[in-house]
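# Summary of structural features
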Amino acid sequence: MSVGELAGLLVAVGWAVLVTLLAVVLVRLSKVLREATVLVSAVTEQAVPLLHDAAEAVHSAQQQLERVDDITANVQDAAANANALSSTVAATLGGPLVKVAAFSYGVRRAVSRQGRPTLPQQDSEREELARLIRAEVRAATAPRTGLLSRVRRAVKG
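Owing to the predicted nature of the structure, the values given are computational and were not obtained by experimental measurement. (Residues numbered from 1 in each chain as written. Predicted model: local features only at pLDDT ≥ 70, side-chain atom pairs only at ≥ 80, totals over all residues. Heavy atoms only, no water.)

### A short note on the overall build of the protein chain
Assigned secondary structure in the protein chain consists of three helices and zero strands. The order of helices and strands in the protein chain, counted from the N terminus, is α-α-α. Expressed as a percentage of its 157 residues, the buried residues of the protein chain come to 4%. (Helix = DSSP H or I, 4+ residues; strand = E, 2+ residues; numbered from the N terminus. Buried < 20%, exposed > 50% of the residue type's maximum accessible area, 1.4 Å probe, protein only.)

Here is the structure:
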């Protein structure tokens, strides 16, 4: 065997080993590609229903938020109505209550200045005093410009 033939043989063996190694790599690469294809198809099959479920969840959440908006609007209306009612009650009853408080303060102050007051001994004097106090309280608590007096005036004619 000559040197040229030996070199040709070595090159042929090298090419054979290289081709064999390339064949093994290609076989493994084909297995990897097959597994990747199976994985992609499995992910696609599972992702589509998940995306559908997610879309339904978002739609349901949107409906719930709309309901919460309606409830919030109703609560705001109720709060506004309660505020208006409290303003009306304060305007109607506030003035007379202040007058009653001032009257009771005046009575207490007058009593404390005179020392211990003596109650009338006779029933007629007691009744007269009670009638005067009731008339004073009625006069102090009678609404003159409040909502109730307007309603009474409208009902009476």
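Having seen it, we continue.
### Regarding the pattern of salt bridges
Scanning all chains against the criterion turns up one salt bridge. Ionic pairing is found between glutamate 128 and arginine 131, a salt bridge with its closest N-O pair at 2.4 Å. With glutamate 128 and arginine 131 both in helix H2 (residues 123-141) and three residues apart, this pair spans about one turn of that helix. (Salt bridge = Lys/Arg side-chain N within 4 Å of Asp/Glu carboxyl O.)

### Here's the deal with the side chain of threonine 92
Assignment of secondary structure puts threonine 92 in helix H1 (residues 3-114). For threonine 92, the side chain forms a polar contact with the main-chain oxygen of threonine 88, separated by 2.8 Å. (Polar contact = N/O pair within 3.5 Å; in protein donor to acceptor, adjacent residues only side chain to side chain.)

### Brief notes about a nonpolar patch on the surface
A cluster of nonpolar side chains, Met1, Leu6, Leu9, Leu10, Val13, Val17 and Leu21, forms an exposed patch at the surface whose accessible area comes to about 730 Å². By relative accessible area, which is 46% here, valine 13 ends up partly exposed. (Patch = residues over 30% accessible without salt bridge, like charges linked within 9 Å, V, L, I, M, F, W, Y side chains within 5 Å. Areas by Shrake-Rupley, 256 points an atom, 1.4 Å probe, with all protein chains shown as cover.)

### Some points on the confidence of the model for the protein chain
Scored by pLDDT, the protein chain has a mean of 84; 86% of the residues are at 70 or more. When mean pLDDT is compared element by element in the protein chain, H1 scores highest at 89, while helix H3 (residues 147-156) scores lowest at 68. (pLDDT = per-residue confidence, 0-100.)

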